[in-house]
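# Structural description and commentary
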Amino acid sequence: MVVRRMKPLGFTLEEMRGLLDATDRLDSGDDLPPAERDELRMRIRGFEQAARRRVEDLRVQLARAEEFAATLAERLARTVTPGS
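Residues numbered from 1 in each chain as written. Predicted model: local features only at pLDDT ≥ 70, side-chain atom pairs only at ≥ 80, totals over all residues. Heavy atoms only, no water.

On to the nonpolar core, then. Counting residues in hydrophobic clusters, the biggest one holds seven residues: Met6, Leu9, Phe11, Met16, Leu19, Phe47 and Ala50. Taken together, the elements giving at least two residues each to this core come down to α2 (13-27) and α3 (34-78). Beyond its immediate sequence surroundings of up to four residues, Leu9 is in contact with Ala51, Arg54, Val55 and Leu58. (Core = buried A, V, L, I, M, F, W, Y, C linked by side-chain atoms within 4.5 Å. Buried < 20%, exposed > 50% of the residue type's maximum accessible area, 1.4 Å probe, protein only. Helix = DSSP H or I, 4+ residues; strand = E, 2+ residues; numbered from the N terminus. Contact = heavy atoms within 4.5 Å.)

Written out as C-alpha cells, the structure is:
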C-alpha cells in the first residue's frame, strides 16, 4: 500500500525502502533508545515534507494542464462553423 501511494509522487524504490524500514522499526514494539526513536521520527518527517512538496508540485502541474485544456476548448469553440 505504501508503494502504491509513494510511486505517483516520484519516490524511488530506495526511498520507499527507507521509509518502510523506519516505520517498521518504530512499529516493532521494541524498546528503542530515545535517540534512535527521535532519528526515526525525523526520517519519517522528512518523507512527509517531501510528499507535501511533491503534492503541491502536482497541483501546479494539474492547474497548468487544466488551463491548457480550457484554452484549447475555447479556441475550438471560436472556430465552430454553422452546421458542423
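Having seen it, we continue.
To continue, consider the packing of α2 against α3. Direction vectors running N to C along α2 and α3 enclose 140 degrees, while the axes themselves pass 10 Å from each other. Taken as axis vectors, α2 and α3 run oblique relative to one another. Helix-helix and strand crossings are classified by hand; for α2 and α3 the assignment is left-handed. Taking contact as the criterion, the partners of Glu15, Gly18, Leu19, Ala22, Thr23, Arg25 and Leu26 in α2 are, on α3, Glu36, Arg37, Leu40, Arg41, Arg43, Ile44, Phe47 and Arg54. A breakdown of the residues in the contact of α2 with α3 according to their chemical character gives six nonpolar, two polar and seven charged. (Axes fitted to C-alpha atoms, helices over the stretch in contact; angles between N-to-C directions. Parallel < 35°, antiparallel > 145°, perpendicular 65-115°, else oblique. Left-handed = near helix turned anticlockwise from the far one by under 90°. Nonpolar A, V, L, I, M, F, W, Y, C, P; charged D, E, K, R; others polar.)

Per-residue pLDDT for the chain has a mean of 94; in total, 98% of the residues score no lower than 70. Per-element averaging of pLDDT across the chain places helix α1 (residues 2-6) at the bottom with 91 and α3 at the top with 97. (pLDDT = per-residue confidence, 0-100.)

It is worth spelling out the environment of Gly18 at this point. Structurally, the position occupied by Gly18 is in helix α2. Other than its neighbours up to four places away in sequence, Gly18 contacts Arg43 and Phe47.

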